[in-house]
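Residues per chain are reported as follows:
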Amino acid sequence: MTDTPVEESFFQIIHCYHQYAARDGDTETLSLEELKALLMDSAPRFMESLGRKEPYFIAELFRAADKNKDNQICFDEFLYILGKLLRDYHLQYHRQLCAHYCAQHSLY
């Protein structure tokens, strides 16, 4: 049986995490530089559409996610980052949908 698109996405996220984590030798955590590379290499249009490609934003995201303050992002902390980015994108999607609906119905 073939994987569903969501299952394939899950696999790709896990694979991508470990691929970038392994750059500095530790396959279980991401450094700030590895996180920057992962997000900008793997999701450049996504990050740009959110207005989140600036290095200072990624550094702030890293600091907020690094719950144990070890200057590394474990997989659970990475999931926090993905959740925050997806939530921001979801809100942007709703704003665009609302703007489109309002324009169609002359609500502006």
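The structure we're discussing is the one just above.
About the thresholds
Residues numbered from 1 in each chain as written. Predicted model: local features only at pLDDT ≥ 70, side-chain atom pairs only at ≥ 80, totals over all residues. Heavy atoms only, no water. Helix = DSSP H or I, 4+ residues; strand = E, 2+ residues; numbered from the N terminus. Rg over C-alpha atoms; globule rule 2.2 N^0.38 Å. Areas by Shrake-Rupley, 256 points an atom, 1.4 Å probe, with all protein chains shown as cover. Lys, Arg positive; Asp, Glu negative; His and termini not counted. Charge placed at Lys NZ, Arg CZ, Asp CG, Glu CD. Disulfide = S-S within 2.5 Å. Buried < 20%, exposed > 50% of the residue type's maximum accessible area, 1.4 Å probe, protein only. Core = buried A, V, L, I, M, F, W, Y, C linked by side-chain atoms within 4.5 Å.

Q: Summarise the overall build of the protein; cite the residues concerned and give the values.
A: Each helix and strand counted, the protein has five helices and zero strands in total. Ordered by position from N to C terminus, the α and β elements of the protein give α-α-α-α-α. For 108 residues, the compact-globule estimate of 2.2 N^0.38 gives 13 Å, and the C-alpha radius of gyration of the protein, at 17 Å, exceeds that figure by more than 25%. Along the first, second and third principal axes, the C-alpha atoms of the protein reach 55 × 45 × 20 Å. For the protein, the accessible surface area stands at approximately 7,500 Å², while carbon and sulfur atoms represent 58% of it. When the 11 basic and 17 acidic side-chain charges of the protein are each reduced to a single mean position, those positions are 10 Å apart.

Q: Describe in detail the state of the cysteines, supporting the description with residues and values.
A: Enumeration over the complete set of coordinates arrives at zero disulfides. Left without a disulfide partner, Cys-16 is nearest to the cysteine sulfur of Cys-74, which lies 16 Å away. For Cys-74, a relative accessible area of 28% gives the class partly exposed.

Q: How would you explain the nonpolar core if you had to name every residue and give the values?
A: With 21 residues, the main nonpolar core has Leu-30, Leu-35, Phe-78 and Leu-85 as its most contacted residues. Residue assignment for this core shows that the elements contributing at least two residues are helix H1 (5-21), helix H2 (32-42), helix H4 (55-65) and helix H5 (75-104). The dominant element in this core, judged by the number of residues it contributes, is H4, at five residues.

In short, the description is geometric, and any link to function would need to be established separately.
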